[in-house]
Amino acid sequence: MTAIRLAIVGLGKIARDQHIPSIAATEGIELAAIASRNASVDGIAHFATLDQLLADGRDIDAVALCVPPQVRHAQAAAALKAGKHVLLEKPPGATVSELEPLVAAAREGGRTLFATWHSRFAPAVEPARSFLSNRQIKSVVIEWKEDVRVWHPGQSWIWEPGGLGVFDPGINALSILTRILPRPFFLTAAELSFPSNRAAPIAADLTFSDVTGLAIRAEFDWRQTGPQTWDIRVETDAGLLVLSSGGSRLVHDDRTLVDEKQAEYRNIYRRFVELIANHESDVDLSPLVHVADAFMLGRRRDVEPFIED
Ligand code: NAP
């Protein structure tokens, strides 16, 4: 089988940190071009925009859209129209409804659309799902607290409408929870804290439940300094299950079940190759739906301005 020739669109932090090395480490796919206004990679064909890449008619099979969510829909639509397979970074869009036309275009064109949720590929996620599948779940507490100055320096798009603010990392927790819980859950209350000089929240307190009345609490906060917290604690009839470090570790009471290095993006590219080979798409919008619900139901609290430097 010849390797899938992939173009990365938007050569920013995640493209450099994860996509490029993971593509290089994955059989069946190779980096053939970059479309990015301000950045390029030595030895790889470069275009300033996706439109220029598509117009060039180059032999590209697929694109990975690593741009901010606000500009992703138009690019995905253009790439699908041009007959390319499309990988979407998370979150898959700036709205929920913009995804359905993309799903339809992929189906009609016989192309793969893959809405990735990288945290679902963390090593402890599938073991947690198996553990919880036949347990009685008593409560869930999520703490997703990190320092925005460390993880998102200079990213002005993240504070704009559609950039999601603290839900940009928080949606990773929701992507894990929607995978590991045996039943769907829904938002019942939310408070979103907006810095007075920003259009997106810096913190969010959320309460969810499910058909059994399960209590789920989530705290997302971008103001955490010192040690960072990406933990999900699930109280069950068989004891406490703690998924920590963003899904790298799984501890049941005092027994460590998983403690592995992340290889999320290698698994993402392995899955993309598999989906293309099988003529399938993979688009699960449930984490994005919860975020949209939080913006619909959430009470707004004004907090002090966020000053970057
Ligand atoms: P980033 O560093 O800001 O990179 C995004 C790139 O997209 C920019 O370098 C820019 O490259 C291009 N771009 C095109 N249109 C743009 C616009 N209107 N505004 C800003 N940039 C634009 O962002 P990132 O951290 O890589 O995040 C990109 C996506 O990946 C986000 O959806 C994010 O949630 C997701 N993600 C990020 C991380 C992470 O750790 N950073 C982890 C997982 C997922 P040019 O200027 O060269 O065109």
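For the structure itself, consult the block above.
For every chain, the first residue of the written sequence is number 1, and numbering continues from 1 onward in sequence order. Thresholds applied to this predicted model are a pLDDT of at least 70 for local features of residues and 80 or more for the giving and counting of side-chain atom pairs; totals over whole chains, interfaces and linings are not thresholded and use all residues. The side-chain quantities take in all heavy atoms of the structure and omit both hydrogens and water.

### Concerning the side chain of Asn-172
1) Next: Secondary structure elements are defined from DSSP: runs of H or I of at least 4 residues count as helices, runs of E of at least 2 residues count as strands, and each element is numbered from the N terminus. Structurally, the position occupied by Asn-172 is in helix 7 (residues 167-180).
2) Next: Whether a residue is buried, partly exposed or exposed follows from its accessible area with a 1.4 Å probe, protein chains only, as a fraction of its type maximum: under 20%, in between, or over 50%, in that order. Look at Asn-172 and you get buried, because its relative accessible area is 9%.
3) Next: Contact criterion: two residues are considered in contact whenever any of their non-hydrogen atoms come within 4.5 Å of each other. Among residues more than four places away in sequence, those in contact with Asn-172 are Lys-90, His-118, Ser-119 and Trp-144.

### Quick notes on the site of the ligand
1) Next: Near the ligand you find 23 residues, and of these Ser-36, Asn-38, Arg-72, Gln-155 and Asp-168 are the closest.
2) Next: Here an oxygen atom of the ligand sits 2.9 Å away from a polar atom, N or O, in the main chain of Lys-13.
3) Next: Taking Asp-168, its side chain carries an N or O atom lying 2.5 Å from an oxygen atom of the ligand.
4) Next: For the area figures, the Shrake-Rupley method with a 1.4 Å probe applies, and any residue is considered shielded solely by the protein chains shown. Notes on the ligand: free accessible area 870 Å², of which the protein chains cover 81%. The criterion for a residue being near a molecule or strand is simple. One of its heavy atoms has to lie within 4 Å of it. Definition of a polar contact: a pair of N or O atoms within 3.5 Å, with one able to donate and the other able to accept a hydrogen when the atoms are protein atoms, and with sequence-neighbouring residues admitted only if both atoms are side-chain atoms.

### Some remarks on the pattern of salt bridges
1) Next: What makes a salt bridge here is a side-chain nitrogen of Lys or Arg within 4 Å of a carboxyl oxygen of Asp or Glu, nothing more. Scanning the entire structure with this criterion turns up 16 salt bridges.
2) Next: The partner of Glu-191 in a salt bridge is Arg-301, with the nearest N and O atoms 3.1 Å apart. Here the residue Glu-191 occupies a position in strand 8 (residues 185-195), and Arg-301 occupies one in strand 15 (residues 299-303), the gap between them amounting to 110 residues.
3) Next: The partly exposed category is assigned to Glu-191, whose relative accessible area is 30%.
4) Next: For Arg-301, a relative accessible area of 38% puts it in the partly exposed group.
5) Next: Within this structure, Glu-143, Lys-145, Arg-217 and Glu-219 form a network of salt bridges that share partners.

So yeah, pure geometry; function would need other evidence.
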